[in-house]
Structures are given as structure tokens and as C-alpha cells.
Amino acid sequence: MKSVKMIALALYVAGFAGAADARIPINQEKHINNTLLQGFIADAIADNCPTMRPRKLRALNELTKLRDYALKQGYTRQEITAFVESKAEKKRGKAEAADWLKARGAAPGKTAAYCEIGKAEIAAKSLIGSLLRVGG
């Protein structure tokens, strides 16, 4: 009977190990990447529109929620930290944000377009909009 329990325990543990191995790489997880993309978009708007400011505490809160989500998905703190601190991933995120903004008419030198997109996102009460505020 003891060996049956040991085999069952081994299969149980192996099942969890297999599930962890089967999860997709963190840089391909849709919710995580979509949320980060919205943050990169808000940053680009704040950087390019003189009347928009980032809401830093709100951004920190969103990052904390995103970290907690990633942990619940089975990613380790080391995986999360490596992903968030990766220069290549930051570059990719900023490029995707620039593409998103460009598709909506914003590009370097088009300050008014960034401001209009920011105002529209605030009015829509989107995550992007919640990360921005008007004024100084």
C-alpha cells in the first residue's frame, strides 16, 4: 500500500512539473503582453504630449497586479524579473507601442496626435487612459 501512495504522489508531482513545462514562455502570454503594451503606449503618449503626465502610482499598482497574475499562472519571480528587465523585451514593447500609435496617426513630431490619442483613451476609461492625466 505504501508503494501505491508513493507512485500516486510521484505521478501527482510529475503532473505539476509537466504542466509547468507546458506553459508558454512569458513573453508570449497574451494578457501579460497586452497589459505591458498598454503601459508602453501610455509612456509614449506622456513622453510626446506636453499636456499629458504619467500616473506613476497607478502604473505601479498595475504592475503589481500583473506580477500577481503572472505568479498565479505559474511563472517564477526570476522569470518575471528577467522578462521585465530584459532590454530586448523593452525594445520590442516600445516598437509595438510605436506601431500602435503610428496606426492611429501619432509619430515623432506629431505632438497633437499623441495628445488627441491620450485624451481619447482617458475619455474611454481604458487602461492606457488610466495611466495618464492631463496637466502638470
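Note: the structure precedes this text.
Bear in mind the structure is a predicted one, so any value in this text is a computation, not a measurement.

A closer look at the nonpolar core
Considering soluble globular proteins, one finds that nonpolar side chains tend to be buried as a cluster.
At step 1: Core analysis: the biggest nonpolar cluster contains 21 residues, and Ile-41, Ile-45, Leu-101, Ile-128 and Leu-132 have the highest contact counts within it.
At step 2: When residues of this core are assigned to their parent elements, the largest contribution, seven residues, is made by helix α2 (residues 30–48).
At step 3: Setting aside chain neighbours within four positions, we find Ile-128 in contact with Gln-38, Ile-41, Ala-42, Ile-45, Trp-100 and Glu-121.
At step 4: Core analysis: the next-biggest nonpolar cluster, separate from the first, contains seven residues, Ile-26, Leu-66, Ala-70 and Tyr-75 among them.

Brief notes about the side chain of Thr-35
At step 1: For Thr-35, the position within the fold is in helix α2.
At step 2: Residue classification places Thr-35 among the buried residues on the basis of a relative accessible area of 14%.
At step 3: Beyond its immediate sequence surroundings of up to four residues, Thr-35 is in contact with Leu-66 and Leu-127.

What to know about the state of the cysteines
At step 1: Overall, the coordinates contain one disulfide when judged by the stated rule.
At step 2: In this model Cys-49 forms its disulfide with Cys-115; the gap between the sulfur atoms is 2.0 Å. Disulfide Cys-49-Cys-115: the torsion about the S-S bond is 110°, which places it as right-handed. Within this pair, whereas Cys-49 is found in the loop between α2 and β1 (52–54), its partner Cys-115 is found in helix α6 (residues 111–123), the two being separated by 66 residues in sequence. The residues Cys-49 and Cys-115 share a single accessibility class, namely buried.

Focus on the pattern of salt bridges
At step 1: For the coordinates displayed, the defined rule picks out six salt bridges.
At step 2: Arg-92 is the partner of Glu-96 in a salt bridge, and the nearest nitrogen-oxygen pair spans 3.0 Å. Taken together, the residues span about one helical turn, with Glu-96 and Arg-92 both in helix α5 (residues 87–103) at a distance of four residues.
At step 3: The salt bridge involving Glu-116 is made with Lys-119; its shortest N-O contact spans 3.8 Å. Separated by three residues within a single helix, Glu-116 and Lys-119 lie in helix α6, roughly one turn from each other.
At step 4: What makes Lys-119 partly exposed here is its relative accessible area of 42%.
At step 5: Ionic contacts of the salt-bridge type, sharing partners, join the residues Glu-89, Arg-92 and Glu-96 into one network.

Some details on helix α3 (residues 56–72)
Three or four residues apart is the spacing at which side chains of an α-helix point the same way, because the helix has 3.6 residues per turn.
At step 1: Spanning 17 residues, α3 covers 24 Å between terminal C-alpha atoms, matching the ideal 24 Å at 1.5 Å per step.
At step 2: Turning to α3, its buried residues are Glu-62, Leu-66 and Ala-70. All buried residues of α3 project into a common sector of 80° when viewed along the axis, lining one side. In α3, the exposed positions angled more than 90 degrees off the buried face are occupied by Leu-57, Leu-60 and Lys-72.
At step 3: Here the buried face of α3 lies against α2, α4 (77–85) and α7 (127–130).
At step 4: In the stretch just after α3, Gly-74 is the one whose phi turns positive, near 100°.

Description of the packing of aromatic side chains
At step 1: Applying the stated rule across the entire model yields zero aromatic pairs.
At step 2: Residue placement shows Arg-104 over the ring face of Trp-100; its charged tip is 3.7 Å from the ring centre.

Rules used throughout
Throughout, residues of each chain are indexed from 1 in the direction in which the sequence is written. Note on the predicted model: pLDDT of at least 70 is required for a residue's local features to be given, and 80 or more for side-chain atom pairs to be given and counted; whole-chain, interface and lining totals, by contrast, use all residues. Note that the side-chain values use all heavy atoms of the structure and ignore hydrogens as well as water. In plain words, nonpolar cores are sets of buried Ala, Val, Leu, Ile, Met, Phe, Trp, Tyr and Cys residues tied together by side-chain atoms within 4.5 Å. Residue exposure (1.4 Å probe, protein chains only): buried if accessible area is under 20% of the type maximum, exposed if over 50%, otherwise partly exposed. Numbering of helices and strands runs from the N terminus, with a helix taken as a DSSP run of H or I at least four residues long and a strand as a DSSP run of E at least two residues long. In this analysis, two residues are considered to be in contact whenever any of their non-hydrogen atoms come within 4.5 Å of each other. By disulfide we mean two sulfur atoms from cysteines, separated by a distance within 2.5 Å. Basic side-chain nitrogens of Lys or Arg form a salt bridge, by our definition, when they fall within 4 Å of a carboxyl oxygen of Asp or Glu. Helices are assigned an expected span. That span is 1.5 Å times one less than the residue count. Directions are taken from the helix axis to each C-beta atom, and the arc is the one they span. Two rings from Phe, Tyr or Trp (for Trp, the six-membered ring) form a pair when their centres are within 6.5 Å of each other. A pair whose planes differ by under 30 degrees is stacked, one over 60 is edge-to-face, and the rest are tilted. Note on criteria: charge over ring means Lys NZ or Arg CZ within 6 Å of the ring centre, with the direction from the centre no more than 35 degrees off the ring normal.

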